[in-house]
Amino acid sequence: MEIKAPRGTSDVLPEKAAIWDYLESKVVDIFTNFGYKKIILPVFEHTEIFQRGIGQSTDIVQKEMYTFEDKGGRSLTLRPEGTASVVRSFIENKMWNNPLPVKLYYIGPMFRYERPQSGRYREFWQMGAEALGSDDPFLDVEMIILLMDYFRSLKLNKLELKINSMGCSKCQPAYTGDLKKFIEPNLEKICKQCQKRYEKNPLRIFDCKNKECQKIYGDAPKLTDYLCQECKMHFDQVKDALTENNEDFEVDKSLVRGFDYYTKTTFEICSPVLGAQNAIGGGGRYDGLIESYGGPPNPGIGFALGIERMILAMQAEERMPGPKRINDVFVVSVDKDSRPEVFKLLMELRRSGISAEMDFAERSLRSQMKQADKKKAEYALILGPDEIKSGVCTIKDLINGTQENIKRNKVLEYLLKKKRVNERKN
Ligand code: HAM
């Protein structure tokens with residue numbers, strides 16, 4: 001058996017995991033400021049939740065779901081996205097009884113059986129936000145600005161915001177009819193899957209990756225030109241508020257995202273410094289979704305961003321945060337006999353809020369100093385028989401190289417003071 005993570009998955013090793021923590025801490029700051037509260041959702045749901053929500057004819061439901069039967073014979077699916085689960089939870093927990101809109105965010109792994117390539121994985125992490133219970137166009141704009149502000153907080157500047165409107169159940173039928181008329185003379189030329197899409201849900205032809213099909217669809221009628229009065233007004237209000245808030249955007253009439261639940265506003269943020277998989281976040285409004293599950297009619301809007309793709313964009317824009325010092329202190333023993341005292345000091349420091357490490361391989365003094373450096377400690381505390389006898393401790397500042405002796409009972413006070421000064425500087 002080959003010892004390897006499954007295709008399309010990977011370990012997030014400690015150095016990278018520290019960046020994930022940083023990204024999450026920024027989410028907590030910014031999303032909280034916008035009034036969003038964290039929700040933790042199951043990693044799998046009843047398969048029907050995704051089939052009904054995302055849509056039977058979408059690529060995700062047709063080809064990409066990790067579906068399995070559990071020992072009780074239930075069909076379950078590893079979540080390919082978070083929106084359907086949030087909506088399920090909104091209904092199950094009768095969240096409409098809370099002041100509306102209910103504003104939630106989530107962070108977690110999603111699973112799609114896709115062909116892996118740079119920026120496209122079978123397990124990937126999303127951060128997402130959903131606001132349920134209001135169709136106010138200002139909420140659409142708040143969502144978009146939240147996403148853009150988050151990217152800006154990471155100093156990602158080379159981003160393109162595309163928006164579109166998917167209309168509603170009133171304007172979509174006339175459009176679908178005309179789209180079918182447009183496809184009809186080309187039916188022989190389009191791929192087998194698009195022929196099926198034409199029958200079941202013509203809008204989904206725009207998900208096709210086939211170059212020949214894409215060429216044909218370039219001239220297809222656009223949904224934005226079929227919007228009813230209400231959808232047109234809503235879209236105009238969204239565009240106006242984006243402009244008034246200095247948010248640059250492009251209306252992309254071909255932006256048809258791969259979910260059936262979208263209505264009205266949809267948006268996507270692309271990073272032009274990335275390759276084929278350049279969408280780092282996207283979302284839109286889903287005003288009929290809650291009702292389609294049997295919940296009381298409540299509109300909704302949300303987005304999700306892909307953490308791995310965002311990190312690729314940060315790398316490409318050279319915006320990765322520098323390595324953080326992991327430990328405040330490395331406690332060094334001069335000889336074997338000093339180790340019990342070193343261990344005691346180590347525990348005392350940790351319990352007082354100082355992150356500290358020691359050597360666990362009985363290394364030489366020199367090699368422990370190297371370890372201290374590798375562990376990115378700011379200080380080495382050196383204890384040997386002489387120090388222990390005279391009740392002192394040698395403190396070496398590993399950043400500027402200075403060294404001094406401090407009374408053993410003053411060590412903690414000294415380090416806590418230095419730590420406070422450093423925190424203030426940061
Ligand atoms: P989505 O566009 O499918 O939307 O995914 C959002 C983001 O997840 C993408 O922009 C991309 O960065 C990342 N992503 C998607 N698939 C992969 C993959 N295979 N590998 C790596 N990253 C990936 C949704 O999931 C919707 N639920 C968003 C939403 C929320 N709409 C309304 N509310």
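Located above this text is the structure these notes cover.
The model shown is predicted, which means the values in this text are computed figures rather than measured ones. (Residues numbered from 1 in each chain as written. Predicted model: local features only at pLDDT ≥ 70, side-chain atom pairs only at ≥ 80, totals over all residues. Heavy atoms only, no water.)

Trainee: Please give an account of the overall build of the protein that cites residues and values.
Mentor: Tallying secondary structure elements over the protein gives 15 helices and 16 strands in all. Relative to the compact-globule value of 22 Å for 426 residues, the protein shows a C-alpha radius of gyration of 28 Å, a clear excess of over 25%. Summarising its shape, the C-alpha atoms of the protein cover approximately 95 × 55 × 45 Å along the three principal directions. The buried share of the protein, reckoned over its 426 residues, is 50%. Sequence-distant contacts in the protein: of pairs separated by 6 or more residues, those separated by 24 or more amount to 69%. (Helix = DSSP H or I, 4+ residues; strand = E, 2+ residues; numbered from the N terminus. Rg over C-alpha atoms; globule rule 2.2 N^0.38 Å. Buried < 20%, exposed > 50% of the residue type's maximum accessible area, 1.4 Å probe, protein only. Contact = heavy atoms within 4.5 Å.)

Trainee: Go over the site of the ligand, please, and point to the residues and values.
Mentor: Surrounding the ligand, one finds 26 residues, the nearest of these being Glu81, Glu114, Glu130, Arg257 and Tyr262. Take Glu81: an N or O atom from its side chain is 2.6 Å from a nitrogen atom of the ligand. At 3.2 Å from an oxygen atom of the ligand is found a main-chain nitrogen or oxygen belonging to Ile280. Alone, the ligand offers 660 Å² of accessible surface; in the complex the protein occludes 96% of this. Breaking the shell around the ligand down by element, the ones donating at least two residues are strand S6 (123–132), strand S10 (279–285) and strand S11 (300–306). (Near = heavy atom within 4 Å. Polar contact = N/O pair within 3.5 Å; in protein donor to acceptor, adjacent residues only side chain to side chain. Areas by Shrake-Rupley, 256 points an atom, 1.4 Å probe, with all protein chains shown as cover.)

Trainee: Hey, could you go over the environment of Val43 for me, with residue numbers and the actual values?
Mentor: Position of Val43 relative to the elements: it lies in the loop between strand S1 (37–38) and strand S2 (44–46). Residue class for Val43 comes out partly exposed when judged on its relative accessible area of 31%. In the structure, Val43 is positioned 60 residues away from Lys103 in sequence and 20 Å away in space, judged by C-alpha atoms. Beyond its immediate stretch of four places on either side in the chain, Val43 contacts Thr77, Leu78, Arg79 and Phe111.

Trainee: Could you give an account of the sheet that holds strand S4 (residues 75–78), with specific residues and numbers?
Mentor: Working definition: the strands of a sheet are paired by backbone hydrogen bonds and lie parallel or antiparallel to each other. Within the open sheet, the three strands sit side by side as S2-S4-S3. Their pairing is antiparallel. The open sheet terminates on both sides in strands that have one partner only, identified here as S2 and strand S3 (66–69). In this sheet, neighbouring strand axes are inclined to one another by 35 degrees on average, regardless of whether the strands run parallel or antiparallel. Relative to S4, S3 runs antiparallel, the two being bridged by four bridges. By the bridge assignment for S4, Glu69 is matched with Ser75. Against the sheet, helix H2 (residues 47–54) makes contact with S2, S3 and S4, and its axis sits at roughly 80 degrees relative to S2, the strand it touches most. (Pairing = 2+ DSSP bridges. Axes fitted to C-alpha atoms, helices over the stretch in contact; angles between N-to-C directions.)

Trainee: How would you summarise helix H7 (residues 192–200) if you had to cite specific residues and measurements?
Mentor: Regarding H7, the residues found buried are Cys194, Arg197 and Tyr198. Here the buried residues of H7 occupy an arc of 105 degrees about the axis, which is enough to place them on one side. Facing away from the buried side of H7 by over 90 degrees, the exposed positions are Lys192, Lys196, Glu199 and Lys200. Tucked into the core, H7 has its buried residues touching helix H3 (59–64), helix H6 (172–183) and helix H8 (211–217). (Arc of directions from axis to C-beta.)

Trainee: Outline unusual backbone geometry, listing residues and values.
Mentor: With omega at 0 degrees, the peptide bond leading from Leu100 into Pro101 counts as cis. Here Lys94, not a glycine, exhibits a phi torsion of approximately 45 degrees, which is positive. Residue placement: Lys94 occurs in the loop between helix H4 (83–92) and strand S5 (102–111). The class for Lys94 is partly exposed, based on a relative accessible area of 48%.

Trainee: Please provide a residue-by-residue account of the nonpolar core, values included.
Mentor: Leu23, Phe31, Tyr36, Tyr150, Phe151, Phe267 and Met310 are the most contacted members of the largest nonpolar core, which totals 93 residues. Not counting residues within four places of it along the chain, the set of residues in contact with Phe151 comprises Leu156, Leu159, Ile269, Ile280, Leu305 and Met310. Counting 18 residues, the second-largest nonpolar core is a separate cluster that includes Val342, Ala356, Leu383 and Val411. (Core = buried A, V, L, I, M, F, W, Y, C linked by side-chain atoms within 4.5 Å.)

Trainee: I'd like a description of the packing of helix H5 (residues 137–153) against helix H9 (residues 229–244), backed by residues and values.
Mentor: In a packed pair of helices, the relevant descriptors are the angle between the two axes and the axis-to-axis distance. The interhelical angle for the contact between H5 and H9, taken along N-to-C directions, is 45 degrees, at an axis separation of 9 Å. Accordingly, the angle class assigned to the pair H5 and H9 is oblique. Here the hand of the crossing between H5 and H9 comes out right-handed. Where H5 approaches H9, its residues Pro137, Phe138, Asp140, Val141 and Ile144 are matched on the opposing element by His234, Gln237, Val238, Ala241 and Leu242. (Parallel < 35°, antiparallel > 145°, perpendicular 65-115°, else oblique. Left-handed = near helix turned anticlockwise from the far one by under 90°.)

Trainee: So what's going on with the pairing of S4? Residues and values would help.
Mentor: Pairing between S2 and S4: three bridges, direction antiparallel. Looking at S4, one finds that His46 is bridged to Leu76. Where S3 folds back on S4, the antiparallel hairpin that results is connected by five residues, among which Gly73 adopts a positive phi of roughly 80 degrees.

Trainee: I'd love a proper account of the sheet that holds strand S15 (residues 392–397), names of residues and values included.
Mentor: Judged by pairing direction, the sheet is mixed, and its five strands sit side by side in the order S13-S12-S14-S15-S16 without closing on themselves. Each end of this open sheet is capped by a strand with a single partner; those strands are strand S13 (356–358) and strand S16 (403–407). Going from strand to strand, the sheet's axes swing by 30 degrees on average, the running direction of each strand aside. Bridge count for strand S12 (residues 329–333) against strand S14 (residues 379–383) is five bridges, and the pairing is parallel. For Ser333, the partnering residue across the bridge sits in S14 and is Leu383. In this fold helix H12 (residues 339–351) packs onto S12, S13, S14 and S15, with an angle of close to 165 degrees to the strand it touches most, S13. Where helix H13 (residues 365–374) meets the sheet, it contacts S12, S14 and S15, and its direction lies at approximately 175 degrees from that of S12.

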